[in-house]
Amino acid sequence: MKLYFATGTISIAVAIALNEAGINYDTQRIDFGAGEQLSDSYAAINSKGRVPALEVDGTILTETGAILDYIAAQDKRLMPADPLHAAHARSVMYYLASTMHVNHAHKMRGSRWANTEASWADMAAKVPETMTASAAFVEAECLRGPFVLGEHICIADAYLFVVCNWLEGDGVDLAPFAKLRAFMAAMEARPSVQAVRANGMLP
Ligand SMILES: N[C@@H](CCC(=O)N[C@@H](CS)C(=O)NCC(=O)O)C(=O)O
């Protein structure tokens with residue numbers, strides 16, 4: 001397997017999940033500073049111009065949630081068999097993909113949605129508010145214990161950890177969110193997260 005990633009981005013959720021599963025993988029860093037995600041060579045990997053992409057035996061997988069589900073299919077510990085428990089984990093993942101990641105993207109990627117710089121500035125100014133609302137939702141409804149499903153880690157935790165790692169940079173005060181802070185500390189203690197910090201994937 002080969003993971004195409006950029007430092008600090010959602011692609012690191014895939015690296016954490018691969019580490020949790022004990023799967024060996026190669027990596028290729030995509031240099032956002034140089035706009036490499038928009039290059040012709042990367043378009044041949046992921047025509048959407050985004051990370052992550054995971055190459056598995058010549059097949060390219062994209063979309064964080066889909067890749068994480070693929071990893072959980074290789075290591076059944078990372079998604080419960082019980083459909084109701086699995087549905088909670090997936091509801092967190094869909095929330096991250098459809099709402100919280102999108103809230104965050106309004107800080108740097110306003111040009112996806114509007115053409116004028118004034119509009120981009122307006123969108124960026126809203127991010128502390130929308131990400132605080134997302135943090136409050138995570139605190140109230142996503143964590144059934146130290147992790148999303150209680151005591152045991154699953155793929156949703158890798159996803160949630162990376163998105164919540166953006167909160168302070170997005171101007172969110174974490175002080176009111178005790179469960180979220182405990183979750184982040186529990187994730188920081190895992191060898192999977194320590195490995196991505198040690199190799200510079202997550203600053
Ligand atoms: N829906 C995609 C979104 C991936 C995505 O937007 N990744 C960001 C990094 S966090 C990216 O590649 N951005 C590059 C750009 O916007 O040019 C997923 O969840 O995998």
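Keep in mind that what you see is a predicted model, and the values were worked out from it rather than measured. (Residues numbered from 1 in each chain as written. Predicted model: local features only at pLDDT ≥ 70, side-chain atom pairs only at ≥ 80, totals over all residues. Heavy atoms only, no water.)

Participant: Give a detailed account of the packing of aromatic side chains, specifying residues and quantitative values.
Facilitator: This structure, assessed with the given rule, holds three aromatic pairs. Judged by centre distance (6.0 Å) and plane angle (55 degrees), the rings of Tyr-4 and Tyr-42 are tilted. With Tyr-4 in strand β1 (residues 2–5) and Tyr-42 in helix α2 (residues 40–43), the pair connects residues that are 38 residues apart, well separated along the chain. With respect to burial, Tyr-4 and Tyr-42 carry one shared label: buried. Ring geometry for Tyr-95 against Phe-137: centres 4.5 Å apart, planes inclined by 45 degrees, an arrangement best described as tilted. One end of the pair, Tyr-95, is in helix α4 (residues 83–108); the other, Phe-137, is in helix α5 (residues 117–142), and 42 residues separate them in sequence. Assessed through its relative accessible area of 17%, Tyr-95 is described here as buried. By relative accessible area, which is 28% here, Phe-137 ends up partly exposed. (Phe/Tyr/Trp six-rings, centres within 6.5 Å; stacked < 30°, edge-to-face > 60°. Helix = DSSP H or I, 4+ residues; strand = E, 2+ residues; numbered from the N terminus. Buried < 20%, exposed > 50% of the residue type's maximum accessible area, 1.4 Å probe, protein only.)

Participant: Please give an account of the layout of surface pockets that cites residues and values.
Facilitator: The computed volume of the largest pocket comes to approximately 1,000 Å³. Forming the boundary of the largest pocket are 34 residues, of which Ile-10, Arg-50, Val-51, His-101 and Arg-112 lie nearest the centre. Counting only elements with at least two residues in the lining of the largest pocket, the list comes to α3 (64–74) and α4. By residue number, the principal contributor to the lining of the largest pocket is α4, which donates 10 residues. (1 Å grid on protein atoms, 1.4 Å probe; cavity = no way out; pocket = protein on both sides within 12 Å on 5 of 7 lines; lining within 4 Å. Points joined across faces, edges and corners; volume = space filled by probe spheres on them.)

Participant: Now, about the side chain of Ser-134: what can you tell me, with residues and values included?
Facilitator: Topologically, Ser-134 is positioned in helix α5. Look past the residues within four positions of Ser-134 in its chain and what remains in contact with it is Tyr-95, Met-100 and Asn-103. (Contact = heavy atoms within 4.5 Å.)

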